[in-house]
Amino acid sequence: QVELVESGGGWVQAGGSLRLSCAASGLTFSVYAMHWFRQAPGKEREFVAAITRNGGSTDYADSVKGRFTISRDNAKNMVYLQMNSLKPEDTAVYYCAARGTLILRTAGQLNYWGKGTLVTVSS
């Protein structure tokens, strides 16, 4: 049974930083591209960042490019999202997700999801 568990969310003032973590189990982690999505109240779930299985390639939404960094540790079955220069519009529940080897930008294409961790950025 695949399980993705996010942690590290919380409250932060604008301009601050947070580091999200996602612990994966029940899958051969090193063959999966890993993703972060987010969903703000009243909005659709949107792509944030993704990383290929060996960490050699990453992809970011334009809204977070230059501020967020995705990374992974295949030895620990972990994926991370370092979020710097946070803005109030980054407030959302952040989800870790996976499906296969490819980076996917559409939430409906992913089939493994965590329950999410809430990030709140105050102005």
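See above for the structure.
Residues numbered from 1 in each chain as written. Predicted model: local features only at pLDDT ≥ 70, side-chain atom pairs only at ≥ 80, totals over all residues. Heavy atoms only, no water.

S.K.: Just to check I follow, could you spell out unusual backbone geometry for this structure?
M.R.: Across the chain, the bulk of peptide bonds are trans and the bulk of non-glycine residues have phi less than zero. In this structure, Asn-77 is a non-glycine residue whose phi angle is positive, near 55°. Residue placement: Asn-77 occurs in the loop between strand E7 (68–73) and strand E8 (78–83). With phi around 50°, Ser-85 is a residue other than glycine that occupies positive phi space. Here Ser-85 shows up in the loop between E8 and strand E9 (92–98). (Helix = DSSP H or I, 4+ residues; strand = E, 2+ residues; numbered from the N terminus.)

S.K.: Help me out: how do you make sense of the pattern of salt bridges in this one?
M.R.: When charged atoms on two side chains of opposite charge get close, those side chains can pair. Applying the stated criterion to the full structure yields 5 salt bridges. Arg-38 is the salt-bridge partner of Asp-90, the closest N and O atoms lying 2.9 Å from each other. Of this pair, Asp-90 sits in the loop between E8 and E9 while Arg-38 is found in strand E4 (residues 34–39), placing the two residues 52 residues apart along the sequence. Judged by relative accessible area, which is 6%, Arg-38 ranks as buried. For Arg-67, the salt bridge is made with Asp-90, and the minimal N-O distance between the two is 2.7 Å. Note that Arg-67 is positioned in the loop between strand E6 (58–60) and E7 and Asp-90 in the loop between E8 and E9, a separation of 23 residues in sequence. (Salt bridge = Lys/Arg side-chain N within 4 Å of Asp/Glu carboxyl O. Buried < 20%, exposed > 50% of the residue type's maximum accessible area, 1.4 Å probe, protein only.)

S.K.: Is there a simple way to explain the sheet that holds strand E3 (residues 18–25) in this structure?
M.R.: Across a sheet, paired strands are connected by hydrogen bonds in the backbone, their directions being either parallel or antiparallel. Overall, antiparallel pairing links the 4 strands, which are arranged E1-E3-E8-E7 in an open sheet. Each having just a single partner strand, strand E1 (3–7) and E7 make up the two edges of the open sheet. Adjacent strand axes in the sheet meet at a mean angle of 15°, parallel and antiparallel pairs treated alike. Where E7 meets E8, 6 bridges bridge the pair, whose relative direction is antiparallel. In the strand pairing of E8, Phe-68 is matched with Met-83. (Pairing = 2+ DSSP bridges. Axes fitted to C-alpha atoms, helices over the stretch in contact; angles between N-to-C directions.)

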